[in-house]
Amino acid sequence: MKKNLLYLLRFIDGPMASRQFTLTPGETYIVGSHSDADIRIDGDPTVSRRHAAVFLTDNGKLNVTDLNSTNGIKINRKKIKREGKLKEGDALQFGGHTICIVQPWAALESSLPPKMVEHFHLIPKSPFIKMTTFKLMTPLWSTVSGFFIGGLIFSLWQVWDFPHHVFAKTPQQVFRPSEEKVKGEVSLVASHYVWDEITRICKIFGEPAPLRSDEQLLTSVEQWINIYTKNRRHLELIERRDVVWEQVKSIFKHYSLPAELGYLAWIESEFDPNADQGNIATAEALRSVLNQLSKPNILLAVAAFASRQNQMKQQELIASINASNNTNFWTFKDALPSETIDYVSKVLAAIIVGSNPDNW
């Protein structure tokens, strides 16, 4: 790779296909589904919020670092462990579906109008290019005129290539792969990702997929995710979970309940290592509710379990579920008390965060 040459990530597969992003020397670009990502990837649930960092050094070396993503990074179909070096023509894959090709900026010269080629190297990364990229010893008039010409050429070319080229924004903060995530950050998750996770959990529970139009429950789950992850509180709870998780899973397995329901221990006791008896009581009570349903349904059982403090109310709810022709949580949900629906949202949020702690 030549020194101080712009490079492109040209996406060829996945939801970003046909789009391309400009990389400039000395800049780090965060790739992910988060709204603040420098290269934001929408529509691929296998891409984490902060999936990778791509860095083009001043001497033209291009590196990619996995930021503890859930589904990893591949270079030419080979998964990297932590960091990888890229060269011209390499296929870079984020997650399971999004693939791009590393290309030098010069690869586009042949497609430009002839009179623009000779000035192509003047095209800046964006109109807000840092003034520090100009040498301080350069005369002021030369800097201003050069910037003006470069900006004019950039504007003309951007209009000409607008349908296919999306320029990476100038990072508001340079993020180095070795830096820790900002403490106190409130999690923001892509709705499509949360929805896909809810669908995945339903499949494990033997539930049908939720209705796509049910935005109220999606919003509730997202709110609980943000509550759980605010100030990165969830990382402390994940450490507690790791200590007791095998024991919690064995308790729920004993009552023939999916291991994912072990996250009730998050809600009920925050994975207190001394809460074995409480976990047993929770699993036993949930199994009892499930056995009382004429058509066993886990999410409906969780909803009824939420009313356990009022046995009369719980029995009325179970009787109402059994008397209904509805066979799953999604079709019966509107007949449930709001507090029981909220409890189901809490459980779903805990499972999603607990299964993907590095995404927040």
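Residues numbered from 1 in each chain as written. Predicted model: local features only at pLDDT ≥ 70, side-chain atom pairs only at ≥ 80, totals over all residues. Heavy atoms only, no water.

Caption draft 1: Spatial organisation of helix H3 (residues 191-205). With 15 residues, H3 ought to run about 21 Å at 1.5 Å a step, and its terminal C-alpha atoms sit 21 Å apart, in line with that. Of all the positions in H3, only His192, Tyr193, Val194, Trp195, Glu197, Ile198, Ile201, Cys202 and Phe205 are classed as buried. Those residues of H3 hidden inside the fold are in contact with helix H4 (215-229), helix H8 (298-305), helix H10 (329-332) and helix H11 (338-355). Looking one or two residues beyond H3, the residue adopting positive phi is Gly206, at roughly 75°. (Helix = DSSP H or I, 4+ residues; strand = E, 2+ residues; numbered from the N terminus. Expected span 1.5 Å × (residues − 1). Buried < 20%, exposed > 50% of the residue type's maximum accessible area, 1.4 Å probe, protein only. Contact = heavy atoms within 4.5 Å.)

Caption draft 2: Examining the nonpolar core more closely. Counting 60 residues, the largest nonpolar core has Ile198, Val221, Leu261, Trp266 and Phe329 as its most contacted members. In this view, Leu261 contacts Phe205, Phe252, Leu286, Ile298 and Val302; residues no more than four positions away in its chain are not counted. Formed by 24 residues, the second largest nonpolar core is a distinct cluster that contains Leu23, Ile39, Cys100 and Val102. (Core = buried A, V, L, I, M, F, W, Y, C linked by side-chain atoms within 4.5 Å.)

Caption draft 3: The arrangement of the packing of aromatic side chains in detail. Under the counting rule described, the total for this entry stands at 10 aromatic pairs. Ring plane angle 45° and centroid distance 4.7 Å describe the contact between Trp245 and Tyr263, whose orientation is recorded as tilted. Residue Trp245 is located in helix H5 (residues 233-254), and its partner Tyr263 is located in the loop between H5 and helix H6 (264-269); the two are separated by 18 residues in the primary sequence. Side by side, Trp245 and Tyr263 carry an identical accessibility label, which is buried. Taken together, the ring pairs connect Trp224, Tyr228, Trp245, Tyr263, Trp266 and Phe271 into an aromatic cluster. Cation over ring: Arg241 sits above Trp245, and NZ or CZ is 6.0 Å from the ring centre. (Phe/Tyr/Trp six-rings, centres within 6.5 Å; stacked < 30°, edge-to-face > 60°. Lys NZ or Arg CZ within 6 Å of the ring centre and 35° of its normal.)

Caption draft 4: Region of the structure containing the sheet that holds strand S11 (residues 98-104). Pairing within the open sheet is antiparallel, and its six strands lie in the order S2-S1-S11-S10-S7-S8. Two strands bound the open sheet, and with one partner strand each, they are strand S2 (20-23) and strand S8 (78-79). (Pairing = 2+ DSSP bridges.)

Caption draft 5: Molecular detail of the pairing of strand S1 (residues 7-13). The pairing of S1 with S2 spans four bridges and is classified as antiparallel. Directly across from Arg10, in S2, lies its bridge partner Gln20. The antiparallel pairing of S1 with S2 creates a hairpin that spans six residues between the two strands, and Gly14 there sits at a positive phi of about 95°.

Caption draft 6: Examining the confidence of the model for the chain more closely. Across the chain, the average pLDDT comes to 77, with 74% of residues at 70 or higher. Across the chain, H8 holds the top mean pLDDT of 95, while helix H1 (residues 114-117) sits lowest at 40. The low-confidence segment residues 107-141, where pLDDT is below 50, has 49 contacts with residues more than four positions distant or belonging to other chains. This stretch, residues 157-188, has a pLDDT under 50; its non-local contacts, to residues over four places away or in other chains, come to 80 contacts. (pLDDT = per-residue confidence, 0-100.)

Caption draft 7: The pattern of salt bridges, seen in detail. In this structure the tally under the stated criterion is nine salt bridges. In this structure, the salt-bridge partner of Arg241 is Asp242, at a minimum N-O distance of 2.9 Å. The shortest N-O distance in the salt bridge between Glu339 and Lys313 comes to 2.4 Å. With Glu339 in helix H11 and Lys313 in helix H9 (residues 311-323), this pair connects stretches of sequence that are 26 residues apart. You can call Glu339 partly exposed: its relative accessible area is 42%. Note on Lys313: relative accessible area 32%, which makes it partly exposed. (Salt bridge = Lys/Arg side-chain N within 4 Å of Asp/Glu carboxyl O.)

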